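Residue-level structural notes
The lines below spell out each chain.
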Amino acid sequence: MKLHHVALHTRDTNRAIAFYQKFGAEIIDQTVTYIANHPGEFWRLTLLRVADDFVIELKEPSFSDRMLLSDDGYFNHICIQVDDVEKMIRRLRAQGVNTFIPPVLRKHEIYSPGGIKNTFLRGPDGEQIELIEYVP
């Protein structure tokens, strides 16, 4: 088994697509899914490939009063592994993304002998995104 995708609610699919394209994401599918027993209500779904095995599903509802996660679920953050955290920060800042905390080197030998370097930022709908670099 492997992780297939992470689903994120968004209020504006186009804005979210533009944001994740700053990471190099590409659209692999877009569709509309209608909701049984709720005539006229639907989800606009977009699948973005961020990396070979990492897909983000953007879910924009036609009913803005239900932006909360369904089924009492709770979402904390997504993590994108990069080769160089500092380089990715520079790339994103050049594109207007400025919501970073300073990168921190942490000893997590379970991931890499030298630990990890990570930082967090916010996506367009307030979602937390972690950038992580394995340090040899």
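Residues numbered from 1 in each chain as written. Predicted model: local features only at pLDDT ≥ 70, side-chain atom pairs only at ≥ 80, totals over all residues. Heavy atoms only, no water.

**Some details on the overall build of the protein**
- Counting secondary structure elements, the protein contains two helices and eight strands.
- If you list the helices and strands of the protein from N to C, you get β-α-β-β-β-β-α-β-β-β.
- Pairs at least 24 residues apart make up 48% of the contacts formed inside the protein by residues separated by at least 6 positions. (Helix = DSSP H or I, 4+ residues; strand = E, 2+ residues; numbered from the N terminus. Contact = heavy atoms within 4.5 Å.)

**So, the sheet that holds strand 5 (residues 77-81)**
- One open sheet accounts for four strands, arranged 5-8-7-6; its pairing is mixed. Two strands close off the open sheet at either side, each with one partner strand: strand 5 and strand 6 (104-106). Each neighbouring strand pair of the sheet contributes to a mean axis angle of 30°, computed without reference to strand direction.
- Bridge count for strand 7 (residues 116-122) against strand 8 (residues 128-134) is seven bridges, and the pairing is antiparallel. Paired with Leu121 across the two strands is Ile129, which belongs to strand 8.
- Taken strand by strand, helix 2 (residues 85-94) contacts strand 7 and strand 8, and its axis lies near 140° from that of strand 8. (Pairing = 2+ DSSP bridges. Axes fitted to C-alpha atoms, helices over the stretch in contact; angles between N-to-C directions.)

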